[in-house]
Amino acid sequence: MAPVNNNDEHPPKFKVTIVGSGNWGSVASKLIASNTLKLSSFHDEVKMWVFEEMLPGGEKLTDAINRTNENVKYLPGIKLGHNVVADPDLENAVRDANMLVFVTPHQFMEGICKRLVGKIRSDAQAISLIKGMEVKKEGPCMISTLISQQLGVNCCVLMGANIANEIAVEKFSEATVGYRGNRDIAEKWVQLFSTPYFAVSACQDVEGVELCGTLKNVVAIAAGFVDGLDMGNNTKAAIMRIGLREMKGLSKLLFSSVKDSTFFESCGVADLITTCLGGRNRRCAEAFAKNGGKRSFDDLEAEMLQGQKLQGVSTAKEVYEVLKHKGWLEMFPLFTTVHEICTGRLPPTAIVEYSEHAPKYPMTGGPTSFP
Ligand SMILES: NC(=O)c1ccc[n+]([C@@H]2O[C@H](COP(=O)([O-])OP(=O)(O)OC[C@H]3O[C@@H](n4cnc5c(N)ncnc54)[C@H](O)[C@@H]3O)[C@@H](O)[C@H]2O)c1
């Protein structure tokens, strides 16, 4: 990755564009914009691509962001930094950038990548903050792999115990950058995101870091069911333990390179804890269980999240398809049951059914030994 040299600029500087402007995308822009002003190796200006929307008053979201310096829809009340420039034109937003930060709900990434083929700089580096996966006939495709393959760029990931609204008000948290081979590039990303209240470290295990971030959303749905059923803290802790075990088991079955130590980083156990205590997946699943599974997740998402997207329900479906395709359903009772509850095949109470003799129920969580 070579810095961008604008005419007589010495030394040349790195230019950052953020693709996505939801809740986390907006917080990422705030973190990054505070650093590009301080670090001389970066251009001050940070572009943020906005999926254009019309606000109730008739103003375009992009115009409102550039006028107020706030994302009035997805992160109201927080100044992003005067050097953040919102741009609704995707191609224009990425054209000059050589550091691309992808942070949209995962279901939109395939379409976004298709639009970007041939439109980005040949020396660009990417990082994905996106939790989720695409399921193809040949198996699961992580979002960082989708970005790498479609755009021909190296792609790191950043995951962690990061509920966006808490970081927005500068409460301390940690995050993990997962990288494949090049430590220097990982360090550049660490530098770009780190602030006194956001401690980032690098971990050479891109698949492990990304799978932690993705799979914990399925466990968060299970934790929400437990809350909706008023089962208490011991049950929730059991769900989290079994969930972590399945996260590790599936990650290692899919990628033998995944390291045990990754599960002890912020992207692993810490993200699992915060998502099962707070977070939108847990909240919507709690409401789903309280309604006895009678209101759909689509309804609850629309009512409770006002445009923000749930990731756990679609990830549970994607995980289920992978498990079915590989013949592994029985080995992952928690993941399997979450999907069956989300689709109405089982009642929410199935999440806490215990049977010593039927290892297909999630609360057994022990007999299967993963490699
Ligand atoms: N919010 C968090 O606390 C948090 C924390 C860590 C990671 N993440 C991850 O970050 C990613 C982005 O989440 P977020 O919270 O920034 O978004 P969000 O759910 O707050 O907002 C949804 C975004 O999707 C956009 N959108 C809607 N339709 C679209 C379309 N057709 N094409 C493209 N974009 C469209 C909206 O404009 C909006 O920017 C997700 O993978 C999420 O799991 C979120």
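None of these values were measured; they are calculated from a predicted model.

**Q** How should I be thinking about the layout of surface pockets in this particular structure?
**A** Over the atoms, a rolling probe the size of a water molecule traces out where space has been left empty. As a volume, the largest pocket reaches approximately 1100 Å³. At the level of secondary structure, the elements contributing two or more residues to the lining of the largest pocket comprise α1 (23-38), α4 (109-116), α6 (164-168), α8 (206-228), α10 (266-277) and α11 (280-290). Per-domain counts for the lining of the largest pocket show at least three residues from each of domain 1 (14-204) and domain 2 (208-364).

**Q** When you look at the domain arrangement of the chain in this model, what are you seeing that I'm missing?
**A** Each domain of the chain was delimited in the assignment, giving domain 1 (14-204) and domain 2 (208-364). Each partner contributes residues to the interface: domain 1 has 30 residues there, and domain 2 has 33 residues. For the pair domain 1 and domain 2, the summed buried surface comes to about 2400 Å²; carbon and sulfur atoms form 61% of the total. Its largest share of buried area at the contact with domain 2, domain 1 owes to Lys-131, Met-133 and Met-142, together 21% of the area lost on that side. Our enumeration of links across domain 1 and domain 2 arrives at 1 salt bridge.

**Q** Please clarify how the nonpolar core should be interpreted in this entry.
**A** In a soluble, globular protein the nonpolar side chains are often hidden away together inside. With 51 residues, the main nonpolar core has Phe-225, Leu-250, Phe-297, Phe-335, Val-338 and Ile-351 as its most contacted residues. No other element matches α8, which puts 12 residues into this core. Each of domain 1 (14-204) and domain 2 (208-364) accounts for three or more of the residues forming this core.

**Q** Would you mind showing me how to read the packing of helix α13 (residues 312-326) against helix α14 (residues 333-342) here?
**A** Axes are the key here: two packed helices are described by the angle between their axes and the distance separating the axes. Direction vectors running N to C along α13 and α14 enclose 125°, while the axes themselves pass 9 Å from each other. With respect to α14, the axis of α13 lies oblique. In the crossing of α13 with α14, the sense of the turn from one axis to the other is left-handed. For the pair α13 and α14, contact is made by Val-313, Ala-316, Lys-317, Val-319, Tyr-320 and Leu-323 and by Phe-335, Thr-336, Val-338, His-339, Glu-340 and Cys-342, respectively. Partitioned by chemical class, the residues of the contact of α13 with α14 number 8 nonpolar, 2 polar and 2 charged.

Reading the values: rules and limits
- Residues numbered from 1 in each chain as written.
- Predicted model: local features only at pLDDT ≥ 70, side-chain atom pairs only at ≥ 80, totals over all residues.
- Heavy atoms only, no water.
- 1 Å grid on protein atoms, 1.4 Å probe; cavity = no way out; pocket = protein on both sides within 12 Å on 5 of 7 lines; lining within 4 Å.
- Points joined across faces, edges and corners; volume = space filled by probe spheres on them.
- Helix = DSSP H or I, 4+ residues; strand = E, 2+ residues; numbered from the N terminus.
- Domains from an automatic or database assignment.
- Contact = heavy atoms within 4.5 Å.
- Buried area = accessible area lost by both parts, 1.4 Å probe.
- Salt bridge = Lys/Arg side-chain N within 4 Å of Asp/Glu carboxyl O.
- Core = buried A, V, L, I, M, F, W, Y, C linked by side-chain atoms within 4.5 Å.
- Buried < 20%, exposed > 50% of the residue type's maximum accessible area, 1.4 Å probe, protein only.
- Axes fitted to C-alpha atoms, helices over the stretch in contact; angles between N-to-C directions.
- Parallel < 35°, antiparallel > 145°, perpendicular 65-115°, else oblique.
- Left-handed = near helix turned anticlockwise from the far one by under 90°.
- Nonpolar A, V, L, I, M, F, W, Y, C, P; charged D, E, K, R; others polar.

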